[in-house]
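Structure at a glance
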Amino acid sequence: MNGIIDLSILQVLSAYIFIAVLMIILRVRGIAREKEVLISSIRMTLQLILVGYVLVYLFESMNPFLTLLVLLVMESFAIYNIIQRSKSPLSKELKNIVALSMVLGTLTSLLFFLFVVIQISPWYDPQYFIPIAGMLIGNSMTGISLGVNRLLDGMKDQKTLVEAALMLGATPKEAAKEVVDSAFDSAILPTINAMVGMGIVFLPGMMTGQILSGVSPVTAIAYQIAIMLGIVGSVSLTVILFVQLGYKSFFNDRAQLKTD
Amino acid sequence: MFSIEQITYKNIISVSKLTIHEKEITCIVGESGSGKTTLLRMLNHLISPDQGRITFQNQDLMDIDPIELRRKVVMLPQTPVIFQGTLRDNLEIGLRFSDKSSPSEKELAETLKRVKLQKDLDENAQNLSGGEKQRLALGRILLMEPEVLLLDEPSSALDDETESLIIQTFVDYAKEHSKTLIMVTHSKALAKNFADRILQVRGGEVHEWNH
Ligand SMILES: Nc1ncnc2c1ncn2[C@@H]1O[C@H](COP(=O)(O)OP(=O)(O)OP(=O)(O)O)[C@@H](O)[C@H]1O
Ligand SMILES: [Mg+2]
(Lines give C-alpha, C1' and ligand atoms only; values in the text may rest on other atoms or scores of the structure.)
(Ligands and ions follow the chains in the order given, each with its own letter.)
Protein backbone atom coordinates (compact mmCIF):
# COMPACT_ATOMS: atom_id res chain seq x y z
CA MET A 1 0.00 0.00 0.00
CA ASN A 2 1.50 3.31 -1.03
CA GLY A 3 1.95 5.76 1.81
CA ILE A 4 -0.86 4.41 3.92
CA ILE A 5 -0.45 5.04 7.64
CA ASP A 6 -1.03 1.79 9.50
CA LEU A 7 -2.85 2.55 12.73
CA SER A 8 -1.26 1.08 15.83
CA ILE A 9 -3.41 -0.15 18.69
CA LEU A 10 -2.29 2.83 20.73
CA GLN A 11 -3.41 5.26 18.04
CA VAL A 12 -6.82 3.62 17.81
CA LEU A 13 -7.15 3.70 21.59
CA SER A 14 -6.39 7.43 21.58
CA ALA A 15 -9.57 7.92 19.51
CA TYR A 16 -11.54 6.76 22.53
CA ILE A 17 -10.83 10.22 23.94
CA PHE A 18 -13.95 11.25 22.01
CA ILE A 19 -16.03 8.81 24.05
CA ALA A 20 -14.38 10.06 27.23
CA VAL A 21 -15.36 13.63 26.33
CA LEU A 22 -18.96 12.53 25.75
CA MET A 23 -18.97 10.69 29.09
CA ILE A 24 -17.77 13.79 30.91
CA ILE A 25 -20.45 15.93 29.28
CA LEU A 26 -23.12 13.39 30.24
CA ARG A 27 -21.83 13.24 33.84
CA VAL A 28 -21.72 17.04 34.23
CA ARG A 29 -25.19 17.56 32.78
CA GLY A 30 -26.62 14.65 34.74
CA ILE A 31 -27.97 12.84 31.66
CA ALA A 32 -28.40 9.16 32.41
CA ARG A 33 -26.94 7.77 29.21
CA GLU A 34 -23.45 6.77 30.28
CA LYS A 35 -24.23 3.08 30.40
CA GLU A 36 -25.66 3.01 26.85
CA VAL A 37 -22.73 4.99 25.45
CA LEU A 38 -20.22 2.68 27.10
CA ILE A 39 -21.98 -0.49 26.04
CA SER A 40 -22.55 0.63 22.46
CA SER A 41 -18.96 1.76 21.95
CA ILE A 42 -17.65 -1.51 23.32
CA ARG A 43 -20.13 -3.45 21.17
CA MET A 44 -19.10 -1.53 18.08
CA THR A 45 -15.43 -2.25 18.77
CA LEU A 46 -15.92 -5.96 19.41
CA GLN A 47 -18.24 -6.46 16.42
CA LEU A 48 -15.83 -4.75 14.06
CA ILE A 49 -12.79 -6.65 15.38
CA LEU A 50 -14.69 -9.88 14.97
CA VAL A 51 -15.82 -9.01 11.44
CA GLY A 52 -12.26 -7.97 10.62
CA TYR A 53 -10.89 -11.38 11.59
CA VAL A 54 -13.75 -13.20 9.86
CA LEU A 55 -13.08 -11.24 6.68
CA VAL A 56 -9.33 -11.90 6.85
CA TYR A 57 -10.12 -15.59 7.23
CA LEU A 58 -12.61 -15.55 4.36
CA PHE A 59 -10.31 -13.63 2.03
CA GLU A 60 -7.45 -15.99 2.71
CA SER A 61 -9.39 -19.23 2.46
CA MET A 62 -10.99 -18.30 -0.90
CA ASN A 63 -13.65 -20.97 -0.44
CA PRO A 64 -16.80 -20.74 -2.62
CA PHE A 65 -18.90 -22.51 0.02
CA LEU A 66 -17.88 -20.02 2.68
CA THR A 67 -18.77 -17.13 0.40
CA LEU A 68 -22.20 -18.65 -0.20
CA LEU A 69 -22.62 -19.28 3.51
CA VAL A 70 -21.96 -15.62 4.24
CA LEU A 71 -24.51 -14.67 1.59
CA LEU A 72 -27.06 -16.97 3.19
CA VAL A 73 -26.41 -15.49 6.64
CA MET A 74 -26.77 -11.94 5.32
CA GLU A 75 -30.04 -12.70 3.50
CA SER A 76 -31.52 -14.47 6.52
CA PHE A 77 -30.49 -11.69 8.86
CA ALA A 78 -31.99 -9.06 6.53
CA ILE A 79 -35.31 -10.93 6.17
CA TYR A 80 -35.50 -11.53 9.91
CA ASN A 81 -34.77 -7.87 10.53
CA ILE A 82 -37.50 -6.66 8.13
CA ILE A 83 -40.08 -8.87 9.83
CA GLN A 84 -38.94 -7.75 13.29
CA ARG A 85 -38.99 -4.08 12.40
CA SER A 86 -42.52 -4.09 10.99
CA LYS A 87 -44.79 -1.91 13.12
CA SER A 88 -47.73 -4.28 12.89
CA PRO A 89 -47.46 -8.07 12.70
CA LEU A 90 -47.17 -9.59 9.22
CA SER A 91 -49.35 -12.42 7.95
CA LYS A 92 -47.54 -15.64 7.12
CA GLU A 93 -48.17 -15.01 3.45
CA LEU A 94 -46.64 -11.54 3.64
CA LYS A 95 -43.57 -12.89 5.45
CA ASN A 96 -43.02 -15.33 2.63
CA ILE A 97 -43.40 -12.53 0.11
CA VAL A 98 -40.79 -10.46 1.98
CA ALA A 99 -38.36 -13.37 1.84
CA LEU A 100 -39.05 -14.13 -1.81
CA SER A 101 -38.67 -10.53 -2.99
CA MET A 102 -35.49 -10.02 -0.96
CA VAL A 103 -33.82 -13.15 -2.29
CA LEU A 104 -34.95 -12.73 -5.90
CA GLY A 105 -34.32 -8.98 -6.07
CA THR A 106 -30.92 -8.88 -4.39
CA LEU A 107 -29.57 -12.00 -6.08
CA THR A 108 -30.51 -10.79 -9.55
CA SER A 109 -28.84 -7.43 -9.04
CA LEU A 110 -25.86 -8.99 -7.26
CA LEU A 111 -25.21 -11.45 -10.06
CA PHE A 112 -25.52 -8.75 -12.68
CA PHE A 113 -23.23 -6.44 -10.74
CA LEU A 114 -20.50 -9.00 -10.07
CA PHE A 115 -20.40 -10.70 -13.44
CA VAL A 116 -21.42 -8.02 -15.90
CA VAL A 117 -20.35 -4.76 -14.29
CA ILE A 118 -17.19 -5.69 -12.34
CA GLN A 119 -16.56 -9.09 -13.94
CA ILE A 120 -14.89 -10.70 -10.95
CA SER A 121 -13.01 -13.94 -11.17
CA PRO A 122 -13.15 -16.42 -9.63
CA TRP A 123 -16.91 -15.98 -9.27
CA TYR A 124 -16.78 -16.35 -5.51
CA ASP A 125 -13.89 -13.92 -4.85
CA PRO A 126 -14.87 -12.94 -1.29
CA GLN A 127 -13.04 -9.60 -1.45
CA TYR A 128 -15.66 -8.35 -3.93
CA PHE A 129 -18.53 -10.71 -3.40
CA ILE A 130 -19.04 -10.12 0.32
CA PRO A 131 -18.87 -6.33 0.66
CA ILE A 132 -20.96 -5.74 -2.44
CA ALA A 133 -23.56 -8.29 -1.39
CA GLY A 134 -23.62 -6.57 1.99
CA MET A 135 -24.31 -3.18 0.48
CA LEU A 136 -27.03 -4.37 -1.89
CA ILE A 137 -28.75 -6.48 0.75
CA GLY A 138 -28.48 -3.81 3.45
CA ASN A 139 -30.00 -1.08 1.32
CA SER A 140 -32.73 -3.34 -0.05
CA MET A 141 -33.57 -4.34 3.50
CA THR A 142 -34.11 -0.69 4.47
CA GLY A 143 -36.22 -0.17 1.34
CA ILE A 144 -38.53 -3.12 1.91
CA SER A 145 -38.88 -2.21 5.58
CA LEU A 146 -40.28 1.18 4.57
CA GLY A 147 -42.44 -0.44 1.90
CA VAL A 148 -43.88 -2.98 4.35
CA ASN A 149 -44.97 -0.30 6.78
CA ARG A 150 -46.46 1.89 4.09
CA LEU A 151 -48.34 -0.98 2.49
CA LEU A 152 -49.80 -2.14 5.82
CA ASP A 153 -50.74 1.38 6.89
CA GLY A 154 -52.14 2.22 3.47
CA MET A 155 -54.33 -0.86 3.23
CA LYS A 156 -55.66 -0.07 6.70
CA ASP A 157 -56.20 3.69 6.33
CA GLN A 158 -57.51 3.55 2.78
CA LYS A 159 -59.69 0.53 3.32
CA THR A 160 -62.93 2.37 2.53
CA LEU A 161 -61.44 3.77 -0.68
CA VAL A 162 -60.17 0.37 -1.77
CA GLU A 163 -63.51 -1.19 -1.01
CA ALA A 164 -65.45 1.59 -2.74
CA ALA A 165 -63.39 0.92 -5.87
CA LEU A 166 -64.26 -2.78 -5.68
CA MET A 167 -67.95 -1.92 -5.35
CA LEU A 168 -67.70 -0.05 -8.65
CA GLY A 169 -66.22 -3.07 -10.41
CA ALA A 170 -62.51 -2.33 -10.07
CA THR A 171 -60.02 -5.19 -10.06
CA PRO A 172 -58.01 -5.57 -6.84
CA LYS A 173 -55.03 -4.26 -8.76
CA GLU A 174 -56.76 -0.99 -9.67
CA ALA A 175 -58.39 -0.71 -6.27
CA ALA A 176 -55.03 -0.95 -4.50
CA LYS A 177 -53.07 1.05 -7.05
CA GLU A 178 -52.71 4.22 -5.01
CA VAL A 179 -51.64 2.37 -1.90
CA VAL A 180 -49.13 0.29 -3.86
CA ASP A 181 -47.69 3.32 -5.65
CA SER A 182 -47.27 5.29 -2.46
CA ALA A 183 -45.59 2.32 -0.74
CA PHE A 184 -43.17 1.95 -3.64
CA ASP A 185 -42.48 5.66 -3.73
CA SER A 186 -41.72 5.99 -0.04
CA ALA A 187 -39.52 2.90 -0.13
CA ILE A 188 -37.22 4.12 -2.89
CA LEU A 189 -37.18 7.81 -1.96
CA PRO A 190 -34.28 7.60 0.53
CA THR A 191 -32.16 5.83 -2.09
CA ILE A 192 -32.92 8.50 -4.67
CA ASN A 193 -32.13 11.24 -2.15
CA ALA A 194 -28.85 9.52 -1.36
CA MET A 195 -27.89 9.78 -5.02
CA VAL A 196 -28.62 13.50 -5.07
CA GLY A 197 -26.53 14.28 -1.99
CA MET A 198 -23.70 11.99 -2.95
CA GLY A 199 -20.27 13.59 -2.90
CA ILE A 200 -21.57 16.99 -1.80
CA VAL A 201 -23.41 16.44 1.44
CA PHE A 202 -21.38 13.42 2.37
CA LEU A 203 -18.69 11.10 1.09
CA PRO A 204 -20.05 7.59 1.22
CA GLY A 205 -18.42 5.12 3.57
CA MET A 206 -17.15 2.83 0.87
CA MET A 207 -15.42 5.62 -1.02
CA THR A 208 -13.94 7.14 2.13
CA GLY A 209 -12.59 3.75 3.12
CA GLN A 210 -11.03 3.16 -0.26
CA ILE A 211 -9.46 6.61 -0.45
CA LEU A 212 -8.04 6.31 3.06
CA SER A 213 -6.54 2.96 2.21
CA GLY A 214 -4.65 4.50 -0.69
CA VAL A 215 -6.84 3.88 -3.71
CA SER A 216 -6.90 6.77 -6.16
CA PRO A 217 -10.02 8.92 -5.65
CA VAL A 218 -10.86 8.45 -9.33
CA THR A 219 -10.97 4.67 -8.97
CA ALA A 220 -12.87 5.04 -5.71
CA ILE A 221 -15.42 7.27 -7.44
CA ALA A 222 -15.82 4.85 -10.35
CA TYR A 223 -16.64 2.10 -7.85
CA GLN A 224 -18.92 4.40 -5.94
CA ILE A 225 -20.92 5.34 -9.02
CA ALA A 226 -21.26 1.71 -10.02
CA ILE A 227 -22.26 0.55 -6.56
CA MET A 228 -24.75 3.41 -6.16
CA LEU A 229 -26.43 2.42 -9.41
CA GLY A 230 -26.38 -1.20 -8.27
CA ILE A 231 -28.04 -0.19 -5.01
CA VAL A 232 -30.74 1.74 -6.88
CA GLY A 233 -31.38 -1.30 -9.06
CA SER A 234 -31.47 -3.74 -6.20
CA VAL A 235 -33.72 -1.56 -4.03
CA SER A 236 -36.18 -0.91 -6.89
CA LEU A 237 -36.27 -4.54 -7.90
CA THR A 238 -36.83 -5.91 -4.40
CA VAL A 239 -39.40 -3.25 -3.53
CA ILE A 240 -41.41 -3.58 -6.76
CA LEU A 241 -41.47 -7.36 -6.33
CA PHE A 242 -42.63 -6.91 -2.77
CA VAL A 243 -45.44 -4.43 -3.40
CA GLN A 244 -46.66 -6.20 -6.54
CA LEU A 245 -46.91 -9.54 -4.74
CA GLY A 246 -47.74 -7.98 -1.39
CA TYR A 247 -51.01 -6.18 -2.18
CA LYS A 248 -52.47 -9.44 -3.48
CA SER A 249 -52.22 -10.98 -0.03
CA PHE A 250 -54.93 -8.59 1.16
CA PHE A 251 -57.51 -10.03 -1.25
CA ASN A 252 -58.99 -13.50 -1.54
CA ASP A 253 -59.68 -15.35 -4.79
CA ARG A 254 -63.17 -13.81 -4.95
CA ALA A 255 -61.63 -10.32 -5.18
CA GLN A 256 -62.84 -9.55 -1.68
CA LEU A 257 -60.79 -7.84 1.01
CA LYS A 258 -59.78 -10.48 3.53
CA THR A 259 -61.26 -9.96 6.96
CA ASP A 260 -58.79 -10.24 9.82
CA MET B 1 -82.92 -11.63 -10.37
CA PHE B 2 -81.41 -12.44 -6.95
CA SER B 3 -82.42 -15.52 -5.12
CA ILE B 4 -81.19 -16.28 -1.63
CA GLU B 5 -81.44 -19.65 0.05
CA GLN B 6 -80.58 -20.60 3.61
CA ILE B 7 -77.70 -18.19 4.06
CA THR B 8 -76.05 -17.14 7.29
CA TYR B 9 -73.28 -14.63 7.82
CA LYS B 10 -71.46 -14.80 11.18
CA ASN B 11 -74.28 -14.38 13.67
CA ILE B 12 -75.37 -11.14 12.10
CA ILE B 13 -77.89 -12.26 9.57
CA SER B 14 -79.63 -15.37 8.33
CA VAL B 15 -82.11 -15.62 5.50
CA SER B 16 -84.06 -18.78 4.81
CA LYS B 17 -85.52 -17.76 1.48
CA LEU B 18 -85.71 -14.51 -0.40
CA THR B 19 -86.16 -13.43 -3.99
CA ILE B 20 -85.48 -10.00 -5.38
CA HIS B 21 -87.22 -9.39 -8.65
CA GLU B 22 -85.83 -7.93 -11.80
CA LYS B 23 -86.82 -4.37 -12.76
CA GLU B 24 -88.46 -3.80 -9.40
CA ILE B 25 -87.74 -1.23 -6.77
CA THR B 26 -86.94 -2.99 -3.53
CA CYS B 27 -86.51 -1.04 -0.32
CA ILE B 28 -84.77 -2.53 2.69
CA VAL B 29 -85.73 -1.15 6.08
CA GLY B 30 -84.76 -2.06 9.62
CA GLU B 31 -83.21 -0.74 12.79
CA SER B 32 -79.66 0.47 12.95
CA GLY B 33 -77.33 -2.48 13.33
CA SER B 34 -79.91 -4.97 12.08
CA GLY B 35 -77.77 -6.07 9.13
CA LYS B 36 -79.02 -4.05 6.13
CA THR B 37 -75.55 -3.08 4.95
CA THR B 38 -74.35 -6.64 5.48
CA LEU B 39 -77.12 -7.92 3.20
CA LEU B 40 -76.27 -5.39 0.50
CA ARG B 41 -72.57 -6.25 0.68
CA MET B 42 -73.42 -9.89 0.08
CA LEU B 43 -75.37 -8.97 -3.07
CA ASN B 44 -72.31 -6.99 -4.31
CA HIS B 45 -70.18 -10.03 -3.40
CA LEU B 46 -67.90 -7.98 -1.15
CA ILE B 47 -68.51 -10.67 1.43
CA SER B 48 -69.77 -14.21 1.00
CA PRO B 49 -72.20 -15.98 3.31
CA ASP B 50 -70.70 -18.65 5.58
CA GLN B 51 -73.26 -21.10 4.24
CA GLY B 52 -76.15 -21.22 1.83
CA ARG B 53 -76.21 -19.73 -1.62
CA ILE B 54 -77.07 -16.58 -3.49
CA THR B 55 -77.84 -16.67 -7.19
CA PHE B 56 -77.91 -13.84 -9.69
CA GLN B 57 -79.78 -14.51 -12.93
CA ASN B 58 -79.93 -18.16 -11.90
CA GLN B 59 -76.18 -18.45 -11.52
CA ASP B 60 -74.47 -19.07 -8.19
CA LEU B 61 -72.47 -15.96 -7.21
CA MET B 62 -69.53 -18.23 -6.48
CA ASP B 63 -69.48 -19.25 -10.14
CA ILE B 64 -69.59 -15.72 -11.53
CA ASP B 65 -66.44 -13.66 -12.05
CA PRO B 66 -66.62 -11.25 -9.09
CA ILE B 67 -65.41 -8.25 -11.11
CA GLU B 68 -67.93 -8.87 -13.90
CA LEU B 69 -70.68 -9.25 -11.34
CA ARG B 70 -69.84 -5.95 -9.62
CA ARG B 71 -69.83 -4.16 -12.95
CA LYS B 72 -73.45 -5.23 -13.39
CA VAL B 73 -74.42 -4.91 -9.74
CA VAL B 74 -72.90 -1.66 -8.55
CA MET B 75 -73.04 -0.61 -4.92
CA LEU B 76 -73.08 2.82 -3.32
CA PRO B 77 -71.55 2.63 0.18
CA GLN B 78 -73.36 4.09 3.17
CA THR B 79 -70.70 6.76 3.68
CA PRO B 80 -70.02 8.44 0.35
CA VAL B 81 -66.45 7.91 -0.82
CA ILE B 82 -64.72 10.72 -2.65
CA PHE B 83 -61.54 9.98 -4.57
CA GLN B 84 -58.74 12.47 -5.04
CA GLY B 85 -59.27 15.07 -7.72
CA THR B 86 -62.06 17.10 -9.23
CA LEU B 87 -65.77 16.45 -9.60
CA ARG B 88 -65.02 15.31 -13.14
CA ASP B 89 -62.44 12.77 -11.91
CA ASN B 90 -64.93 11.49 -9.38
CA LEU B 91 -67.69 11.05 -11.93
CA GLU B 92 -65.43 9.36 -14.45
CA ILE B 93 -63.74 6.99 -12.03
CA GLY B 94 -66.63 4.53 -11.94
CA LEU B 95 -66.50 4.09 -15.69
CA ARG B 96 -62.72 3.82 -15.57
CA PHE B 97 -62.84 1.15 -12.86
CA SER B 98 -65.36 -0.84 -14.86
CA ASP B 99 -63.38 -0.49 -18.10
CA LYS B 100 -66.01 1.55 -19.91
CA SER B 101 -65.38 4.48 -22.22
CA SER B 102 -65.14 8.03 -20.86
CA PRO B 103 -68.33 10.10 -20.81
CA SER B 104 -68.74 13.15 -23.00
CA GLU B 105 -68.72 16.66 -21.58
CA LYS B 106 -72.46 16.82 -22.16
CA GLU B 107 -73.14 13.61 -20.24
CA LEU B 108 -71.09 14.87 -17.31
CA ALA B 109 -72.98 18.17 -17.16
CA GLU B 110 -76.26 16.30 -17.51
CA THR B 111 -75.35 14.01 -14.61
CA LEU B 112 -74.54 16.93 -12.33
CA LYS B 113 -77.94 18.39 -13.11
CA ARG B 114 -79.72 15.12 -12.38
CA VAL B 115 -78.20 14.90 -8.90
CA LYS B 116 -78.94 18.60 -8.32
CA LEU B 117 -75.32 19.70 -8.07
CA GLN B 118 -74.69 23.23 -9.26
CA LYS B 119 -70.94 23.03 -9.26
CA ASP B 120 -68.09 23.34 -11.68
CA LEU B 121 -66.74 20.07 -13.03
CA ASP B 122 -63.18 21.20 -12.33
CA GLU B 123 -63.69 22.01 -8.67
CA ASN B 124 -61.84 19.97 -6.07
CA ALA B 125 -64.25 17.34 -4.84
CA GLN B 126 -62.78 17.29 -1.33
CA ASN B 127 -64.27 20.74 -0.66
CA LEU B 128 -67.87 19.61 -1.17
CA SER B 129 -70.27 19.46 1.75
CA GLY B 130 -71.41 16.09 3.10
CA GLY B 131 -74.68 16.14 1.17
CA GLU B 132 -72.94 17.28 -2.00
CA LYS B 133 -70.47 14.42 -1.71
CA GLN B 134 -73.35 12.01 -1.40
CA ARG B 135 -74.94 13.39 -4.55
CA LEU B 136 -71.63 13.26 -6.40
CA ALA B 137 -71.27 9.59 -5.47
CA LEU B 138 -74.81 9.02 -6.73
CA GLY B 139 -74.01 10.77 -10.00
CA ARG B 140 -71.01 8.50 -10.46
CA ILE B 141 -73.24 5.44 -10.30
CA LEU B 142 -75.94 6.92 -12.52
CA LEU B 143 -73.32 7.47 -15.19
CA MET B 144 -72.31 3.81 -15.08
CA GLU B 145 -75.78 2.62 -16.09
CA PRO B 146 -75.50 -0.78 -14.33
CA GLU B 147 -78.25 -3.38 -14.49
CA VAL B 148 -78.68 -3.36 -10.74
CA LEU B 149 -78.13 -0.42 -8.40
CA LEU B 150 -77.50 -1.17 -4.73
CA LEU B 151 -77.87 2.04 -2.76
CA ASP B 152 -77.06 2.06 0.96
CA GLU B 153 -78.94 4.96 2.55
CA PRO B 154 -78.46 7.18 -0.50
CA SER B 155 -80.15 10.18 1.07
CA SER B 156 -78.93 10.10 4.68
CA ALA B 157 -77.12 13.44 4.40
CA LEU B 158 -79.82 15.27 2.43
CA ASP B 159 -82.67 17.53 3.53
CA ASP B 160 -86.21 16.26 3.00
CA GLU B 161 -86.80 18.17 -0.19
CA THR B 162 -83.53 17.19 -1.89
CA GLU B 163 -84.04 13.64 -0.67
CA SER B 164 -87.38 13.33 -2.46
CA LEU B 165 -86.02 14.88 -5.61
CA ILE B 166 -83.00 12.59 -5.74
CA ILE B 167 -84.89 9.41 -4.93
CA GLN B 168 -87.51 10.35 -7.51
CA THR B 169 -84.72 10.78 -10.07
CA PHE B 170 -83.42 7.28 -9.36
CA VAL B 171 -86.85 5.73 -9.35
CA ASP B 172 -87.72 7.37 -12.68
CA TYR B 173 -84.40 6.34 -14.12
CA ALA B 174 -84.85 2.73 -13.03
CA LYS B 175 -88.37 2.53 -14.44
CA GLU B 176 -87.45 4.23 -17.67
CA HIS B 177 -84.40 2.08 -18.36
CA SER B 178 -85.74 -1.16 -16.85
CA LYS B 179 -83.12 -1.30 -14.14
CA THR B 180 -83.34 -3.07 -10.81
CA LEU B 181 -83.06 -0.76 -7.82
CA ILE B 182 -82.33 -2.05 -4.34
CA MET B 183 -82.19 0.63 -1.73
CA VAL B 184 -81.62 0.68 2.02
CA THR B 185 -83.49 3.47 3.72
CA HIS B 186 -84.25 4.55 7.25
CA SER B 187 -87.48 6.20 6.15
CA LYS B 188 -90.53 3.97 5.99
CA ALA B 189 -92.49 6.78 4.39
CA LEU B 190 -90.00 6.90 1.56
CA ALA B 191 -90.15 3.15 1.17
CA LYS B 192 -93.96 3.17 1.08
CA ASN B 193 -93.96 5.90 -1.54
CA PHE B 194 -91.54 4.42 -3.98
CA ALA B 195 -91.04 0.71 -3.40
CA ASP B 196 -92.65 -2.11 -5.31
CA ARG B 197 -91.60 -4.32 -2.44
CA ILE B 198 -90.32 -3.64 1.06
CA LEU B 199 -88.04 -5.99 2.97
CA GLN B 200 -87.59 -5.64 6.68
CA VAL B 201 -84.47 -6.83 8.45
CA ARG B 202 -85.20 -7.68 12.05
CA GLY B 203 -83.60 -9.91 14.63
CA GLY B 204 -81.11 -11.14 12.08
CA GLU B 205 -83.81 -12.26 9.66
CA VAL B 206 -85.34 -10.73 6.56
CA HIS B 207 -89.07 -10.68 5.87
CA GLU B 208 -91.31 -9.05 3.39
CA TRP B 209 -93.09 -6.11 4.97
CA ASN B 210 -96.66 -5.61 3.90
CA HIS B 211 -98.03 -2.18 4.18
N1 LIG C 1 -67.12 -7.55 9.51
C2 LIG C 1 -67.87 -7.57 10.61
N3 LIG C 1 -67.47 -8.28 11.67
C4 LIG C 1 -68.22 -8.33 12.79
N5 LIG C 1 -69.37 -7.69 12.95
C6 LIG C 1 -69.82 -6.95 11.93
C7 LIG C 1 -69.09 -6.85 10.71
N8 LIG C 1 -69.79 -6.05 9.88
C9 LIG C 1 -70.88 -5.67 10.55
N10 LIG C 1 -70.92 -6.20 11.78
C11 LIG C 1 -71.99 -6.07 12.79
O12 LIG C 1 -73.17 -6.55 12.22
C13 LIG C 1 -74.28 -5.79 12.61
C14 LIG C 1 -75.03 -5.29 11.39
O15 LIG C 1 -74.24 -4.34 10.71
P16 LIG C 1 -74.79 -3.55 9.45
O17 LIG C 1 -73.76 -2.57 9.06
O18 LIG C 1 -75.19 -4.53 8.43
O19 LIG C 1 -76.06 -2.81 10.07
P20 LIG C 1 -77.07 -1.80 9.36
O21 LIG C 1 -78.40 -2.44 9.43
O22 LIG C 1 -76.56 -1.41 8.04
O23 LIG C 1 -77.02 -0.58 10.37
P24 LIG C 1 -77.11 1.00 10.07
O25 LIG C 1 -78.54 1.31 9.82
O26 LIG C 1 -76.63 1.61 11.35
O27 LIG C 1 -76.22 1.27 8.91
C28 LIG C 1 -73.74 -4.68 13.49
O29 LIG C 1 -73.94 -5.03 14.83
C30 LIG C 1 -72.26 -4.65 13.15
O31 LIG C 1 -71.53 -4.24 14.28
MG1 LIG D 1 -75.82 0.28 7.24
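Residues numbered from 1 in each chain as written. Chains lettered and ligands numbered in written order. Predicted model: local features only at pLDDT ≥ 70, side-chain atom pairs only at ≥ 80, totals over all residues. Heavy atoms only, no water.

**With respect to the overall build of chain A**
Along chain A, the regular secondary structure elements total 11 helices and zero strands. Its C-alpha atoms give chain A principal-axis dimensions of about 70 × 55 × 35 Å. Counting across all 260 residues of chain A, residues that qualify as buried make up 35%. The contacts in chain A between residues at least 6 apart in sequence include a share of 73% that link residues at least 24 apart. Roughly 15,200 Å² of accessible area belongs to chain A as shown, and the carbon and sulfur atoms make up 69% of that amount. Side-chain charges in chain A split into 17 positive and 16 negative, and the spacing between the mean points of these groups amounts to 7 Å. (Helix = DSSP H or I, 4+ residues; strand = E, 2+ residues; numbered from the N terminus. Buried < 20%, exposed > 50% of the residue type's maximum accessible area, 1.4 Å probe, protein only. Contact = heavy atoms within 4.5 Å. Areas by Shrake-Rupley, 256 points an atom, 1.4 Å probe, with all protein chains shown as cover. Lys, Arg positive; Asp, Glu negative; His and termini not counted. Charge placed at Lys NZ, Arg CZ, Asp CG, Glu CD.)

**A closer look at the coordination of the magnesium ion (ligand 2)**
Residues and elements named next belong to chain B. Within the first shell, the magnesium ion (ligand 2) binds the protein through T37 (OG1) and Q78 (OE1), at distances of 1.9 to 2.2 Å. Pair noted here: T37 is in helix 1 (residues 36–43) and Q78 is in the loop between strand 6 (73–76) and helix 3 (87–97), with a separation of 41 residues, a long-range link. On the basis of relative accessibility, which here comes to 36%, the residue Q78 falls in the partly exposed class. (Donors = N, O, S within 2.8 Å, 3.2 Å for Na, K, Ca; no water.)

**A closer look at the interface of chain A and chain B**
Each partner contributes residues to the interface: chain A has 17 residues there, and chain B has 29 residues. Overall, the association of chain A and chain B removes approximately 1,900 Å² of surface from exposure, summing both partners, and the carbon and sulfur fraction of that is 59%. Considering only the side of chain A, the residues that lose the most area to chain B are A:M167, A:L168 and A:R254, jointly responsible for 42% of the buried surface there. Linking chain A to chain B there are one salt bridge. Of the charged contacts, one joins A:E163 and B:R41 as a salt bridge, the two residues approaching to 3.0 Å between their closest N and O atoms. Across the chain A-chain B interface, the total number found is 11 residue pairs in polar contact (both at pLDDT 80 or more). Broken down by element, the residue count for the side of chain A that touches chain B peaks at seven residues, all from helix 7 (residues 159–167) of chain A. Classifying every residue of the side of chain A that touches chain B by side-chain character gives nine nonpolar, four polar and four charged. (Buried area = accessible area lost by both parts, 1.4 Å probe. Salt bridge = Lys/Arg side-chain N within 4 Å of Asp/Glu carboxyl O. Polar contact = N/O pair within 3.5 Å; in protein donor to acceptor, adjacent residues only side chain to side chain. Nonpolar A, V, L, I, M, F, W, Y, C, P; charged D, E, K, R; others polar.)

**Some thoughts on the packing of helix 6 (residues 126–157) of chain A against helix 11 (residues 217–246) of chain A**
Residue and element names in this part refer to chain A. Packing of helix 6 against helix 11 brings their axes to within 8 Å, and their N-to-C directions diverge by 40°. Classified by the angle between their axes, helix 6 and helix 11 sit oblique to one another. When you trace helix 6 past helix 11, the crossing you get is right-handed. Touching Y128, I132, M135, L136, N139, S140, G143, I144, G147, V148 and L151 of helix 6 are Y223, I227, G230, I231, S234, V235, T238, V239, F242 and G246, all from helix 11. (Axes fitted to C-alpha atoms, helices over the stretch in contact; angles between N-to-C directions. Parallel < 35°, antiparallel > 145°, perpendicular 65-115°, else oblique. Left-handed = near helix turned anticlockwise from the far one by under 90°.)

**Re the domain arrangement of chain A**
All names here are of chain A. Domains assigned within chain A are domain 1 (1–61) and domain 2 (63–250). One C-alpha centre belongs to domain 1, the other to domain 2, and the line joining them spans 29 Å. Contacts between the two partners involve eight residues from domain 1 and, on the opposite side, nine residues from domain 2. Interface area for domain 1 against domain 2, summed over the two sides, is near 670 Å², with a carbon-plus-sulfur share of 73%. Across the contact surface, domain 1 and domain 2 share one residue pair in polar contact (both at pLDDT 80 or more). Each residue belonging to the side of domain 1 that touches domain 2 can be placed in one class, and the counts come to six nonpolar, two polar and no charged. (Domains from an automatic or database assignment.)

**So, the sheet that holds strand 4 (residues 51–56) of chain B**
Strands pair in a sheet through their backbones, by hydrogen bonds, and they do so in one of two ways: parallel or antiparallel. All names here are of chain B. With antiparallel pairing, four strands are arranged side by side in an open sheet as 2-1-4-5. What marks the edges here is a single partner per strand, and that holds for strand 2 (13–20) and strand 5 (59–60). Two elements, strand 1 (residues 2–9) and strand 2, share seven bridges in a ladder whose sense is antiparallel. By the bridge assignment, I4 is partnered in strand 2 with L18. (Pairing = 2+ DSSP bridges.)

**Re a nonpolar patch on the surface**
Residue and element names in this part refer to chain A. Together, I5, L7, I9, L10, V12, L13, Y16, M44 and L48 make up a nonpolar patch on the protein surface, roughly 970 Å² of accessible area in all. Sorting the residues of the nonpolar patch by element identifies helix 1 (9–14) and helix 3 (34–61) as the ones contributing at least two each. The leading source of residues in the nonpolar patch is helix 1, at four residues. (Patch = residues over 30% accessible without salt bridge, like charges linked within 9 Å, V, L, I, M, F, W, Y side chains within 5 Å.)

**A word on the packing of helix 4 (residues 64–85) of chain A against helix 6 of chain A**
All names here are of chain A. At their nearest, the axes of helix 4 and helix 6 sit 9 Å apart, and the two run at 15° to each other. Considering the angle they form, helix 4 stands roughly parallel to helix 6. Viewed along their axes, helix 4 and helix 6 form a crossing whose handedness is right-handed. The residues of helix 6 that touch helix 4, namely those facing T67, V70, L71, M74, E75, A78, N81, I82 and R85, are P126, F129, I130, A133, G134, I137, M141, I144, S145, V148 and N149. The class makeup of the residues in the contact of helix 4 with helix 6 is 13 nonpolar, five polar and two charged.

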